Structures are given as C-alpha cells and as structure tokens.
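Here are the chains, one letter per residue:
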Amino acid sequence: DIDLISTNHITAASVNTCDFTSFSTDYNHLMVKVADFQPSGNNGNLIVRLQTTGSSGFNSGSGAYYNTRTRVYGNGSSYTTNQSGFEQNYGVASFGINSAGNGYAESGSHMDLYFSNIHSTTRGKGYYGIFWGAGDFGNASHQVVGVTYVGSGRLNALTGIRFQSSSGDLIGRFSLYGIRTT
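Residues numbered from 1 in each chain as written. Predicted model: local features only at pLDDT ≥ 70, side-chain atom pairs only at ≥ 80, totals over all residues. Heavy atoms only, no water.

Q: Help me understand the nonpolar core, please; the structure alone is not making it clear to me.
A: Nonpolar side chains in soluble globular proteins generally cluster together in the buried interior. Grouped together as the largest cluster of nonpolar side chains are 31 residues, with contacts concentrated most on L46, F115, I161, F163 and F174. Excluding its chain neighbours within four sequence positions, the residues that come into contact with L46 are V34, F37, G91, V92, A93, S94, M111, F163, Q164, L170 and F174. (Core = buried A, V, L, I, M, F, W, Y, C linked by side-chain atoms within 4.5 Å. Buried < 20%, exposed > 50% of the residue type's maximum accessible area, 1.4 Å probe, protein only. Contact = heavy atoms within 4.5 Å.)

Q: I keep staring at the sheet that holds strand β11 (residues 158–165) and nothing clicks. Help me out?
A: Paired through backbone hydrogen bonds, the strands of a sheet run either parallel or antiparallel to each other. Pairing within the open sheet is antiparallel, and its four strands lie in the order β2-β11-β4-β7. Two strands in the sheet have a free side with no partner beyond their single neighbour: β2 (17–21) and β7 (91–92). In this sheet, β7 lies alongside strand β4 (residues 46–52) in antiparallel orientation, the contact comprising two bridges. The partner of V48 across the bridge, within β7, is G91. (Pairing = 2+ DSSP bridges. Helix = DSSP H or I, 4+ residues; strand = E, 2+ residues; numbered from the N terminus.)

Q: When you look at the pairing of β4 in this model, what are you seeing that I'm missing?
A: The side chains of a regular strand alternate, residue by residue, between the two faces of the sheet. The element β4 is largely enclosed, with a buried count of seven among its seven residues. The two faces of β4 match: L46, V48, L50 and T52 on one face and I47, R49 and Q51 on the other face are all buried.

Q: I keep staring at the sheet that holds strand β9 (residues 125–133) and nothing clicks. Help me out?
A: Judged by pairing direction, the sheet is antiparallel, and its eight strands sit side by side in the order β1-β12-β3-β8-β9-β10-β5-β6 without closing on themselves. Edge positions in the open sheet fall to β1 (2–10) and β6 (78–88), since each of these has one partner strand only. Across this sheet, the average inter-strand angle for adjacent strands is 10 degrees, counted without regard to direction. In terms of strand pairing, β9 meets strand β10 (residues 140–149) through eight bridges, oriented antiparallel. (Axes fitted to C-alpha atoms, helices over the stretch in contact; angles between N-to-C directions.)

Q: Where do I start with unusual backbone geometry in this structure?
A: When glycine is set aside, most residues are seen to have a negative phi, and most peptide bonds are trans. In this structure, S22 is a non-glycine residue whose phi angle is positive, near 60 degrees. Tracing the sequence through the fold places S22 in the loop between β2 and β3 (27–39).

Q: How should the environment of Y90 be read in this particular structure?
A: Tracing the chain through its elements places Y90 in the loop between β6 and β7. Overall, Y90 belongs to the buried group, its relative accessible area being 16%. Along the backbone, Y90 and N67 are 23 residues apart, and their C-alpha atoms lie at a distance of 8.6 Å. Those residues in contact with Y90 that sit more than four places away from it in its chain are I47, V48, R49, Y65 and N67.

What follows is the structure in structure tokens.
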C-alpha cells in the first residue's frame, strides 16, 4: 500500500526549505512527488539533504553525497545526452531551472524520488528518482538520478529529508508518501 502522509504546497518565493521529519515505522520506504518546482533565482537546482539518528541537523558536509545521473535535454531539434557522477555537499534532484519569466520555467518541472530502508541500522541511506519537464536550456528533458549518502551516520535510521533550491527560495508542491512493507 502507498499512503499519502503529507503535502507542503509552497506558493510564494519566501520559503527557503521544505522539510519532512518524524517518519512512522509503518513505512520502511518513502516516495516524494514534487510538482511545479521553481526557484526564485536563475539556474536553481532542487537539492536534497538528509538527517539521520544522532545527527545535529541536515548533513551538508563536503563529499557527503555521491551523485550519479543520466540525462537528456534540449529544445526543438537540438538535444544533448550525457552521464556523470560527482561528490557534493548535497544530493541532486533536478536540472538547473530559471525563475519565472526568465526562460522555460513556465513549462513546469516535476520529479519522483524514492527512499528505501529508512529505519534500517545496517543499510546505507540514499535515493533514486526521475526528473522531467523544463530546465534553463529548453522545454524538454528527463534525468534519472541515484544518490548514496556517505556522510556521518549513514547506517543510522533516516529522520529527515530536506529540499531546497541552490539559487534562492523555492516554489512547488511536495508530497510525501509512505510505502507499507508488511
């Protein structure tokens, strides 16, 4: 079973982060659906930071997240395909997207992210997901991401997921779903 747990609908660019915390043990896996993400600054990526049991906050340590991605993007008859991997102080979730009125943001950008084994104390944490919609380069794109959290407490239970824009505040609808495993 998949159950809607909560939705944060952010409609004005005066919110810096969207956090989900306090995960019920009824769900060992989570899905977050993001609709119409838009940053308040240009070329803003939606980024993810995780919090685990015993940590003092959402980890932003250097090299705490290993990111991989495969993506296709473009506009009209010109498209680019690439794959990459990189260490960062955040997990990647989207392409760079311009703010309203400055490019292709009006076409919308959306993503589904899946977090597994969130209560496990023997398995590392991370997520995988898919992004689709517009970016700062055109109206057509998709990106598949996989992120492994390698920071402090990586084998501890997941206690929080934070979404924020790499450029300014954020707008969008963030819905958290629990996936029952019993």
